[in-house]
Amino acid sequence: MENPPLLLSHLLYFASKKKEEKLRKEEEEEERREKEVMGRGKIEIKRIENSSNRQVTYSKRRNGIIKKAKEITVLCDAKVSLIIFASSGKMHEYCSPSTSLVDILEQYHRQSGKRLWDPKHENLSNEIDRIKKENDSMQIKLRHLKGEDLTSLNHKELMAIEDALENGLISIRDKESEEMERMRKNGKMLEEENTYLKFVLRQQEIAKQQELAMENTVRAEIDHHHHHDYNSHLPFAFRVQPIQPNLQERI
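Residues numbered from 1 in each chain as written. Predicted model: local features only at pLDDT ≥ 70, side-chain atom pairs only at ≥ 80, totals over all residues. Heavy atoms only, no water.

A. Structural detail: the overall build of the protein chain. Each helix and strand counted, the protein chain has six helices and two strands in total. Of all 251 residues assigned to the protein chain, the portion counted as buried reaches 9%. Sequence-distant contacts in the protein chain: of pairs separated by 6 or more residues, those separated by 24 or more amount to 28%. Only carbon and sulfur atoms are counted for the fraction: they give 58% of the accessible area of the protein chain, which is about 22700 Å². (Helix = DSSP H or I, 4+ residues; strand = E, 2+ residues; numbered from the N terminus. Buried < 20%, exposed > 50% of the residue type's maximum accessible area, 1.4 Å probe, protein only. Contact = heavy atoms within 4.5 Å. Areas by Shrake-Rupley, 256 points an atom, 1.4 Å probe, with all protein chains shown as cover.)

Listed below in structure tokens is the structure:
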């Protein structure tokens, strides 16, 4: 009997080959149909109802458009940008190597006077540019504060950096002093709390010792009273014997 995994592999292989054969036949059918339509001198443009034929036609013509875009880029030194969305939402694109989609859109804006986004998006783009410039400026100032790239600065700018560093150093020292004072106060509070806890623990030990001593005292008193009561009954027991008169004399 054939191994099940091997049998499954064979089944998948034959299914894949069958699918490829079906697609090939559909492409051939599409080519034949186009030739027949073109042979009659008239091309009917309408939506292809069969989904398989529609997918084959899309794939074929998409590749043809992209091929033509590449050819016109090379042959005519043209700048081409092509974006195609399938009915499934999948995107395919092509852009000439000598340019970019952003450059083409900017050129389109300049020549057509049309805008592809509203002013709100433009303001957002301007804000992004402003933040980038501000970030670059802050990076330069940070390098200057670290003592880097100082050759391009004049005397006034160097003095401003020196003042900024001195003010920063003063602020750091003040902050350090505040932190040291806070740590000292915390340490003192911990010492006082530790002393209080030791006092409470000592008082508990003393109370426990006193309680134990009290228990020992009470136990000793109970033992003493019990012993006293026992001794107080002994004379009564021995006094019973003299009641019998002259027992020895009788004997």
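The discussion continues.
B. A look at the pattern of salt bridges. In this structure the tally under the stated criterion is seven salt bridges. A salt bridge links R130 to E127, with the shortest nitrogen-to-oxygen separation between them at 2.5 Å. In this pair, R130 and E127 are both assigned in helix α4 (residues 119-145), three residues apart and thus about one turn of the helix distant. Close ionic contact of E205 with R202 constitutes a salt bridge, the shortest N to O distance being 3.5 Å. Placement of the pair is E205 and R202 together in helix α5 (residues 155-238), with a separation of three residues, close to one helical turn. E205 sits in the partly exposed class, given a relative accessible area of 37%. (Salt bridge = Lys/Arg side-chain N within 4 Å of Asp/Glu carboxyl O.)

C. A look at a nonpolar patch on the surface. A cluster of nonpolar side chains, contributed by I83, F85, M91 and L101, occupies part of the molecular surface with about 360 Å² of accessible area. Summarising the element assignment, I83 is placed in strand β1 (residues 81-85). You can call I83 partly exposed: its relative accessible area is 40%. (Patch = residues over 30% accessible without salt bridge, like charges linked within 9 Å, V, L, I, M, F, W, Y side chains within 5 Å.)

D. View of the side chain of R62. Looking at where R62 falls in the secondary structure, it is placed in helix α2 (residues 51-76). Note on R62: relative accessible area 15%, which makes it buried. Here the side chain of R62 touches H92 through a polar contact of 3.2 Å, side chain to side chain. Residue contacts for R62: discarding those within four places in its chain leaves I84 and H92. (Polar contact = N/O pair within 3.5 Å; in protein donor to acceptor, adjacent residues only side chain to side chain.)

E. Quick peek at α2. In a regular helix each residue adds 1.5 Å, so 26 residues correspond to 38 Å; α2 covers 37 Å between its end C-alpha atoms and thus fits that length. Along α2, the residues classified as buried are V56, T57, R62, I66, A69 and T73. A distance of 3.0 Å separates the backbone nitrogen of S52 from a side-chain oxygen at the start of α2, and that oxygen is part of N50. (Expected span 1.5 Å × (residues − 1).)

F. Here's a closer look at the nonpolar core. Membership of the largest hydrophobic core is limited to six residues, which are I66, A69, V80, L82, I84 and Y94. Residue assignment for this core shows that the elements contributing at least two residues are α2 and β1. Excluding anything up to four places from it in sequence, L82 contacts I65, I66, A69, H92, E93 and Y94. (Core = buried A, V, L, I, M, F, W, Y, C linked by side-chain atoms within 4.5 Å.)

G. The arrangement of the confidence of the model for the protein chain in detail. Averaged over every residue, the pLDDT of the protein chain is 79; residues scoring 70 or more account for 76%. pLDDT under 50 marks residues 236-241. Its contacts with residues more than four places away, or in other chains, come to zero contacts. (pLDDT = per-residue confidence, 0-100.)

H. Highlighting the environment of I65. In this fold, I65 is placed in helix α2. As a C-alpha pair, I65 and Y94 span 29 residues in sequence and 9.9 Å in three-dimensional space.

I. A look at the pairing of strand β2 (residues 91-95). Every second residue of β2 is oriented toward a common face, the buried set being H92 and Y94 and the non-buried set M91, E93 and C95. Of the pairings in the sheet, the one linking β1 to β2 comprises five bridges and is antiparallel in character. Paired with I84 across the bridge in β2 is H92. Hairpin connection between β1 and β2: a loop of five residues separates the two successive antiparallel strands, and G89 in this loop has a positive phi of roughly 100 degrees. (Pairing = 2+ DSSP bridges.)

J. Summary view of unusual backbone geometry. Here the phi dihedral of D77 falls at roughly 55 degrees; this positive angle occurs in a residue that is not glycine. Classification of D77 as exposed rests on a relative accessible area of 66%.

K. Up close: helix α3 (residues 101-112). Given a rise of 1.5 Å per residue, twelve residues ought to cover 16 Å, and the 16 Å separating the end C-alpha atoms of α3 matches this to within 8%. Just downstream of α3 lies G113, where phi reads positive at about 75 degrees.

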